[in-house]
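A structural walkthrough
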Amino acid sequence: MRIVSGIQPTGNLHLGNYLGAIRNWVRMQDEVAATGGQCYFFLADLHAISMPHDPAELKANTREMAAALLACGVDPAKSVLFNQAQVPAHAELQWLLNGTARMGWLNRMTQFKDKSGKNREGASVALFTYPVLQAADVLLYQATHVPVGEDQKQHLELARDIAQKFNNDFGPVQPDGTQTPVFTLPEPFIPPEAARIMSFRDGTAKMSKSDPSEMSRINLSDDPDMVMKKVKKAKSDAEPLPSDPADLAERPEAKNLVAIFGAMTGRSVEDVLGEFGGEGFGKFKPALGEILVEALRPISARFVELKQDTPELDRLLATGAARARDAAAKTLAATYEALGLLR
Ligand code: TYM
């Protein structure tokens, strides 16, 4: 198994990132090490320049996000942890794949539509070709599994389409007539219980770093008072919780809070409602707040400590990048060769 995944170093790591992706990174790194596989986790700083940004902030955020991942349990002794900008093969492979990706495929990407909004003409070209870089990220390491939240599923499908077309068009043909694939087709790994964690202000919008309201999300660096305050102020409704999960269907905010409770405690929604069915949010919210406070306390304590040691963070990222460059070299060379590029 080869596990590859990334996160943009923009703003804070929030509960959606953690439950949708990072927690699985940490779980997988132990399983994978035991079976002789390898995990590659990176800060997608090259993706971050697809939106307007401040260079000094990007630099600070890249180190902070590295500290946040380490605080969550990503272990550089087990996994290769780095930032894309130190591994030029990502940008190189993107260019090589631009010849295979189709305009029509990119035109269907919902993230571009969402992020460019009404100002399509003013969007950066990078925002449009963003999913090709993401395909390069995973194909470069021959990823078999990519742990992500549901919002990245469409990008992963595109990566598979690109890999398949490239293998078909350019996979070297052997003397016996069979074709050798250049790229492995990656599978998304999406946790069913936390595929899409929703905003605390609007149960129909995903929890996101780009929401201007801080109250819409729990950040992993929030202190206990802030966590409790955000949970207590989270949008809910006036009804008591139901006993049957089906009765949450039309109650997006209630459904989200129950899902978070379940994901944090490893309990099913049925089980959580078995305990809280018939109770109002006056009882449920403090219980959820307690669970979050206790789970986040050690993470935010480690984060505060780690983020202060900039030289150590830089050293860790440089070491990870050197390993990533080595791992990427083979696929990159095979891609140039398959395309007939003389080097
Ligand atoms: P990013 O930085 O937006 O998010 C990082 C990870 O967190 C997941 N996530 C969520 N999961 C559940 N509920 C939510 N509300 C929620 N919000 C975010 C995301 O699905 C993601 O797994 N394009 C990617 C970064 C990237 C990448 C890659 C990922 C670049 N190259 C290659 C995988 C493989 C992004 O912007 O994620």
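The shown structure was predicted, so the numbers you read here are calculated from the model rather than taken from an experiment.

A word on unusual backbone geometry
A positive phi angle, near 55°, is found at Gln 142, a position not held by glycine. Residue position: Gln 142 is located in the loop between helix 7 (125–139) and strand 4 (145–147).

Examining the pairing of strand 3 (residues 80–83)
Every second residue of strand 3 is oriented toward a common face, with Val 80 and Phe 82 on one face and Leu 81 and Asn 83 on the other, all of them buried. Pairing of strand 2 (residues 38–43) with strand 3 involves 4 bridges; the strand directions are parallel. Of the residues in strand 3, the one forming a bridge with Phe 41 is Leu 81.

Digging into the pairing of strand 2
The buried fraction of strand 2 is high, at 6 of 6 residues. The side-chain alternation of strand 2 yields two buried faces, one formed by Gln 38, Tyr 40 and Phe 42 and the other by Cys 39, Phe 41 and Leu 43. Relative to strand 2, strand 1 (residues 2–7) runs parallel, the two being bridged by 6 bridges. By the bridge assignment, Ile 3 is partnered in strand 2 with Cys 39.

Structural notes on the packing of helix 7 against helix 8 (residues 153–170)
Helix 8 packs onto helix 7 with a crossing angle of 70° between their chain directions and a minimal axis gap of 9 Å. By the angle between their axes, helix 7 is roughly perpendicular relative to helix 8. Residues Tyr 130, Pro 131, Val 132, Gln 134, Ala 135, Val 138 and Leu 139 of helix 7 form the contact with helix 8, whose participating residues are His 155, Leu 156, Leu 158, Ala 159, Ile 162 and Ala 163.

Observations regarding the side chain of His 155
The topology assignment puts His 155 in helix 8. Residues in contact with His 155, not counting those within four places in the same chain, are Met 109, Gln 111, Tyr 130, Pro 131 and Gln 134.

Details of the domain arrangement of the protein chain
As far as domains go, the protein chain holds domain 1 (2–195 + 310–339) and domain 2 (214–306). Just the C-alpha atoms count here: the centres of domain 1 and domain 2 sit 30 Å apart. With 16 residues of domain 1 at the contact, the number on the domain 2 side is 14 residues. For the domain 1 and domain 2 pair, buried surface summed over both sides reaches about 1300 Å², with 70% attributable to carbon and sulfur atoms. Among the residues domain 1 hides against domain 2, the three largest losses belong to Asn 12, Leu 15 and Ala 71. Together they make up 39% of the total. Only helix 1 (15–34) and helix 3 (55–72) provide two or more residues apiece to the side of domain 1 that touches domain 2. At 6 residues, the largest contribution of residues to the side of domain 1 that touches domain 2 is made by helix 3.

Criteria and thresholds
- Residues numbered from 1 in each chain as written.
- Predicted model: local features only at pLDDT ≥ 70, side-chain atom pairs only at ≥ 80, totals over all residues.
- Heavy atoms only, no water.
- Helix = DSSP H or I, 4+ residues; strand = E, 2+ residues; numbered from the N terminus.
- Buried < 20%, exposed > 50% of the residue type's maximum accessible area, 1.4 Å probe, protein only.
- Pairing = 2+ DSSP bridges.
- Axes fitted to C-alpha atoms, helices over the stretch in contact; angles between N-to-C directions.
- Parallel < 35°, antiparallel > 145°, perpendicular 65-115°, else oblique.
- Contact = heavy atoms within 4.5 Å.
- Domains from an automatic or database assignment.
- Buried area = accessible area lost by both parts, 1.4 Å probe.

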